[in-house]
Amino acid sequence: MDVLRLLEDEHDEAKSVFKKLERAHGPEASRLWDQLKSMLTLHEEMEETLFYPQLKAEKPTEDLVLEAYQEHHVMDLLIDEISALEPSNEEWQPKMKVLQENTEHHIEEEEGELFPKVRKIWDTAKREQVGRQMEDMRERKKKASKQRRAA
Ligand SMILES: [Fe+2]
């Protein structure tokens, strides 16, 4: 699969879980949060392993990628802070809102600014190749986390 399609599909999935979280409470909110947290963490890891390093080495995408790393960093801080809270805590909703806004901003920049540049510097074959590597990594990581949970 084209790596940009793969990433866009994951962006859409994350946005829809954020939407569900807006109305969720108690155990349902915790369950959705666990799901969202693993999605975001894996997504960041795949981008930072297979996507950003190569694009950082290209002049047209270098600055956008350096900014994207910082956006991931801020998202990680919020993810850690939310993970330390219960959904009933008064800071849960506002922190979630800030994470949602940050994530949506990050997605907009990737899809609106970074991806069009990637389309220019990587041909279809290259995008398919990186997409396949990402699918493999996602499979491996998902299997490993299933095994961890079962142990
Ligand atoms: Fe990202």
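Quick note: structure is the one above.
All of these numbers come straight from a predicted model, not from anything done at the bench.

About the criteria used
Within any chain, residue numbers begin from 1 and follow the written order of that chain's sequence. Given that the model is predicted, a residue must reach a pLDDT of at least 70 before its local features are reported, and side-chain atom pairs must reach 80 or more before they are shown or counted; all residues, however, enter totals for whole chains, interfaces and linings. Excluded from the side-chain calculations are hydrogens and water; all other atoms, namely the structure's heavy atoms, are used. Helix and strand definitions here come from DSSP, where helices need a minimum of 4 consecutive H or I residues and strands a minimum of 2 consecutive E residues; each element is numbered from the N-terminal end. For this measure, only C-alpha atoms enter the radius of gyration; the expected value for a globule follows 2.2 Å times N^0.38, where N is the number of residues. A 1.4 Å probe rolled over the protein chains alone gives each residue an accessible area, and that area as a share of the maximum for its type sets the label: buried under 20%, exposed over 50%, partly exposed in between. Contacts are assigned to residue pairs with any non-hydrogen atoms lying within 4.5 Å of each other. In this listing, donors mean N, O and S atoms no farther than 2.8 Å from the metal, or 3.2 Å for Na, K and Ca; water is missing from the atoms, so a site can look incomplete. Here a salt bridge means any side-chain nitrogen of Lys or Arg lying within 4 Å of a carboxyl oxygen belonging to Asp or Glu. To estimate the expected span of a helix, count its residues, drop one, and scale the result by 1.5 Å. To obtain the bend at a residue, axes are fitted to the seven residues ending there and to the seven starting there, and the angle between these axes is taken. Polar contact criterion, stated in full: a pair of N or O atoms within 3.5 Å, where within protein one must be able to donate a hydrogen and the other to accept it, and residues adjacent in sequence count only if both atoms are side-chain atoms.

A.B. asks: Sorry if this is basic, but what is going on with the overall build of the protein here?
C.D. replies: Helix and strand counts for the protein come out as five helices and zero strands. Written out in order from the N terminus, the α and β elements of the protein read α-α-α-α-α. Taken against the 2.2 N^0.38 rule, which gives 15 Å for 151 residues, the C-alpha radius of gyration of the protein at 16 Å falls within 12% of a compact globule. Across its three principal axes, the protein shows a C-alpha extent of roughly 50 × 35 × 20 Å. Expressed as a percentage of its 151 residues, the buried residues of the protein come to 39%. Here the contacts in the protein between residues at least 6 apart in sequence split such that 75% fall between residues at least 24 apart.

A.B. asks: Where do I start with the environment of Met96 in this structure?
C.D. replies: Looking at the secondary structure, you find Met96 in helix α4 (residues 92–121). In contact with Met96, not counting residues within four places along its chain, are Phe18, Leu21, Trp33 and Ile82.

A.B. asks: How should the coordination of the iron ion be read in this particular structure?
C.D. replies: Note on metal sites: the ideal angle is 109.5 degrees for four tetrahedral donors, and 90 or 180 degrees for six octahedral donors. Taken together, Glu47 (OE), Tyr52 (OH), His72 (NE2), His106 (NE2) and Glu110 (OE) make up the full set of protein donors to the iron ion, lying 2.0 to 2.8 Å away. With relative accessibility at 0%, the residue Tyr52 sits in the buried group.

A.B. asks: Explanation requested: the pattern of salt bridges in the structure shown.
C.D. replies: Scanning the model with the defined rule gives nine salt bridges in all. Salt-bridge contacts for Arg5 lead to Asp9; the nearest nitrogen and oxygen are separated by 3.7 Å. Residue Arg5 and its partner Asp9 are located together in helix α1 (residues 3–22), separated by four residues, close to a single helical turn. On the accessibility criterion, Arg5 (48% relative accessible area) is partly exposed. Residues Glu8 and Arg119 are paired through a salt bridge, measuring 3.7 Å at the closest nitrogen-oxygen approach. Pair noted here: Glu8 is in helix α1 and Arg119 is in helix α4, with a separation of 111 residues, a long-range link.

A.B. asks: For this particular structure, what's the right way to read α4?
C.D. replies: In an α-helix, one full turn covers 3.6 residues, which means residues spaced three or four apart are oriented alike. Between its terminal C-alpha atoms α4 stretches 41 Å, which fits the 44 Å expected from 30 residues at 1.5 Å a residue. Within α4, the axis deviates most sharply at Leu114, by approximately 40°, and proline Pro116 lies no more than four positions further along.

A.B. asks: Explanation requested: the side chain of Thr103 in the structure shown.
C.D. replies: By the element assignment, Thr103 lies in helix α4. Among the polar contacts listed, one links the side chain of Thr103 to the backbone oxygen of Leu99, at a separation of 2.6 Å. Beyond its immediate stretch of four places on either side in the chain, Thr103 contacts Phe18, Leu40 and Met75.

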